[in-house]
Amino acid sequence: MQTRSFEQGLQLVIAMLSGLEKRPDLRADNHVLQRITQLGKLARKPGAEEDLSVREAFQAGEPSTTEAADRATGEPGKREKRADPQTFEELRTRVLACTKCPHLVAFRHTVVFGVGNPAADLMFVGEAPGADEDMQGEPFVGRAGELLTKIIQTMGFQRSDVYIANVLKCRPDIPPGTSGNRQPTPAEMQTCLPYLREQIELIQPKVMVALGATAMRGLFGKTEPMKDMRGRWHSFNSIPVMATFHPSYLLRNQAMTEKRKVWEDMLQVLERLGHRISDRQRNYFLR
Ligand code: URA
């Protein structure tokens, strides 16, 4: 485990340094030093190996992975799909070294590639990393992320059973001295979307969930209001995509009716995956 996480840490550092190498303003800047510090912390954090591990999730016959796959499919023993680990690693390395948007490169602390099981049947697509995600290098770890994790768990999964990625892999920059997040621009999305498309192509999820308007715009170019798109199936390269509200919307609007809407969308997802749904699950957020 230790050796594996060390190797992966090393790969990340190499990817980052190779990216910097191509920059005219090459220097050992704070970003690199911070990332290396983070990697050191991650390597010491219990369970970090699981989060960082891609190869591990591909090992055929490994009990945890098989169980995760069964949980995600609802079909014990019927797991066939396996993304090629080398190709997935190669994509990760490329994305971590990306310097296509110089303004985002200058602003970011990390590139947030994605997290979870690369052989997952269920994939969530969000908007872009926020401040927490940018610091930790993992999508959906802030307040919205905590809510997404609860939704995933209420569905009967762990984060490591599904795959979570964003339309944008870098945090959209904001003016110095300000806080909060801004939406990705159309140009940033155009530049970054090929990476998400490659992830989807490799993972080949059976079902996807588009979290919010930016995910819908990125995947489909659709700009209708979320209230009209959510709760319906859309199709991305023949993969069914359920559109639902972004968790940050639920943080802003805590009404039970809105939680129920998102939950009903997730029940549709579970049904589509062929999952057994308990009565308790069916009745969440009903008064
Ligand atoms: N919101 C997103 O859309 N993605 C994240 O990773 C975090 C918050």
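All of these numbers come straight from a predicted model, not from anything done at the bench.

S.K.: Break down the sheet that holds strand β3 (residues 163-166) for me, with residues and values.
M.R.: Taken together, six strands build an open sheet; the order of strands is β1-β3-β2-β4-β6-β5 and the sheet is mixed. Sheet topology places β1 (115-116) and β5 (233-236) at the edges, where each strand pairs with a single neighbour. Bridge analysis of strand β2 (residues 122-126) against β3 gives four bridges, and the strand direction is parallel. In the sheet register, F124 faces β3, and the bridge partner there is I164.

S.K.: A description of the site of the ligand should follow, citing residues and the corresponding values.
M.R.: Around the ligand lies a shell formed by G126, E127, A128, E133, P139, F140, N166 and H246. At 3.1 Å from a nitrogen atom of the ligand is found a main-chain nitrogen or oxygen belonging to A128. The cavity that encloses the ligand is the largest pocket. Counted by class, the shell around the ligand contains three nonpolar, three polar and two charged residues.

S.K.: So what's going on with the nonpolar core? Which residues, and what values?
M.R.: The biggest cluster of nonpolar side chains holds 64 residues, and the ones touching the most others in it are L122, M123, F124, M155, L196 and V269. With eight residues, helix α10 (residues 186-203) is the single largest residue contributor to this core. Other than its neighbours up to four places away in sequence, V269 contacts L122, M155, V207, V209, W233 and M242.

S.K.: How would you summarise the packing of aromatic side chains if you had to cite specific residues and measurements?
M.R.: All chains considered together, the criterion is met by six aromatic pairs. Aromatic pair F245 and Y249: ring centres 4.3 Å apart, planes at 40°, arrangement tilted. Among the residues examined, Y249 registers a relative accessible area of 21% and is labelled partly exposed. Residues W263 and Y284 carry aromatic rings whose centres are separated by 5.7 Å and whose planes lie at 75° to one another, so their mutual orientation is edge-to-face. With W263 in helix α14 (residues 256-272) and Y284 in the segment after α15 (279-282), the pair connects residues that are 21 residues apart, well separated along the chain.

How each quantity is defined
Residues numbered from 1 in each chain as written. Predicted model: local features only at pLDDT ≥ 70, side-chain atom pairs only at ≥ 80, totals over all residues. Heavy atoms only, no water. Pairing = 2+ DSSP bridges. Helix = DSSP H or I, 4+ residues; strand = E, 2+ residues; numbered from the N terminus. Near = heavy atom within 4 Å. Polar contact = N/O pair within 3.5 Å; in protein donor to acceptor, adjacent residues only side chain to side chain. 1 Å grid on protein atoms, 1.4 Å probe; cavity = no way out; pocket = protein on both sides within 12 Å on 5 of 7 lines; lining within 4 Å. Sits in = over half its atoms within 2 Å of the grid points. Nonpolar A, V, L, I, M, F, W, Y, C, P; charged D, E, K, R; others polar. Core = buried A, V, L, I, M, F, W, Y, C linked by side-chain atoms within 4.5 Å. Buried < 20%, exposed > 50% of the residue type's maximum accessible area, 1.4 Å probe, protein only. Contact = heavy atoms within 4.5 Å. Phe/Tyr/Trp six-rings, centres within 6.5 Å; stacked < 30°, edge-to-face > 60°.

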